[in-house]
Amino acid sequence: MITLITGASHTGKTLLAQKLLEARRTTVLSMDLLKMGLIRSGTAALSPEDDAGVEAVLWPIVVGMIRTAIENRRDLIVEGGYVPGNWAEAFTAAERRQIEVCVLVMSDDYVREAFPRIKSEASVAEDRGDDGWATLAFLLEDNARFRRAFPEAEVIASEADWVRLTAVGL
């Protein structure tokens, strides 16, 4: 089974992937690590802030990796914010049956209410360093962008929603 975890910045994608790794003892592919490997190696002329460019380069690579995992009957967790809303078009119907998708997005009210906590827990799964760029306005827009791209996603509107959606086992 392939588990694809995507969503807005600071929603807990990496933390969820870590919990699933511990529960399932399987491979995790971090799209952020792949992105930075391509950038730092000079393989791709991208910047970490160029989300559209990063998605255009990374997504075909990730699709190939997912297909390879399916062909080899390997479980794989893929985590990152560079998944297009039309992700399913890259796969056949048979391949899609092997993929579960979890999209983490938050409501505007929840982002506003929990913003100090969201920021204080930003490095719980990995060290983000200085994330001063993640302002309230940025997080509101990023969540809105993912809600538009994935209208079927269940929206986190409370702490209880977060706990339920990130429970191991999806």
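Up top is the structure.
Parameters and conventions
Residues numbered from 1 in each chain as written. Predicted model: local features only at pLDDT ≥ 70, side-chain atom pairs only at ≥ 80, totals over all residues. Heavy atoms only, no water. Salt bridge = Lys/Arg side-chain N within 4 Å of Asp/Glu carboxyl O. Helix = DSSP H or I, 4+ residues; strand = E, 2+ residues; numbered from the N terminus. Buried < 20%, exposed > 50% of the residue type's maximum accessible area, 1.4 Å probe, protein only. Pairing = 2+ DSSP bridges. Contact = heavy atoms within 4.5 Å. Axes fitted to C-alpha atoms, helices over the stretch in contact; angles between N-to-C directions. Phe/Tyr/Trp six-rings, centres within 6.5 Å; stacked < 30°, edge-to-face > 60°.

**Comments concerning the pattern of salt bridges**
Where charged atoms of side chains with opposite charge meet at close range, the side chains can pair.
Alright, step 1. Applying the stated criterion to the full structure yields seven salt bridges.
Alright, step 2. Residue Arg24 pairs with Glu100 through a salt bridge whose shortest N-O separation is 3.1 Å. Within this pair, whereas Arg24 is found in helix α1 (residues 13-24), its partner Glu100 is found in strand β4 (residues 99-106), the two being separated by 76 residues in sequence.
Alright, step 3. Assessed through its relative accessible area of 31%, Arg24 is described here as partly exposed.
Alright, step 4. Judged by relative accessible area, which is 23%, Glu100 ranks as partly exposed.

**Looking at the pairing of strand β3 (residues 76-79)**
The side chains of a regular strand alternate between the sheet's two faces.
Alright, step 1. Because side chains alternate across β3, one face comprises the buried residues Leu76 and Val78, and the other comprises Ile77 and Glu79, equally buried.
Alright, step 2. As paired strands, strand β1 (residues 2-7) and β3 are joined by four bridges and run parallel to one another. Of the residues in β3, the one forming a bridge with Thr3 is Ile77.
Alright, step 3. Here four bridges tie strand β2 (residues 27-30) to β3, and the two strands are oriented parallel to one another. Each bridged residue has a counterpart across the sheet, and for Val28 the counterpart in β3 is Ile77.

**Some points on the sheet that holds β1**
Alright, step 1. As summarised here, the arrangement of the five strands in space is β2-β3-β1-β4-β5, forming an open sheet in which the pairing is parallel. Two strands lie at the open edges of the sheet, namely β2 and β5 (155-156), each paired on one side alone.
Alright, step 2. Relative to β3, helix α3 (residues 51-71) is tilted by about 165°, and along the sheet it contacts β1, β2, β3 and β4.

**A closer look at the side chain of Asp142**
Alright, step 1. Structurally, Asp142 is set in helix α6 (residues 136-149).
Alright, step 2. Asp142 has contacts with Ala8 and Ser9, leaving out every residue within four places of it along the chain.

**Brief notes about the packing of aromatic side chains**
Alright, step 1. Throughout the structure, instances matching the rule amount to four aromatic pairs.
Alright, step 2. A centroid spacing of 6.1 Å and a plane angle of 55° characterise the contact between Trp87 and Phe91, whose relative ring orientation is tilted.
Alright, step 3. Look at Phe91 and you get buried, because its relative accessible area is 4%.
Alright, step 4. Geometrically, the ring pair formed by Phe146 and Phe150 is stacked, given 6.0 Å between the ring centres and 5° between the ring planes. As far as burial versus exposure is concerned, Phe146 and Phe150 are alike and both buried.
Alright, step 5. The structure contains a cluster of three or more aromatic residues connected by ring pairs, namely Trp59, Trp87 and Phe91.

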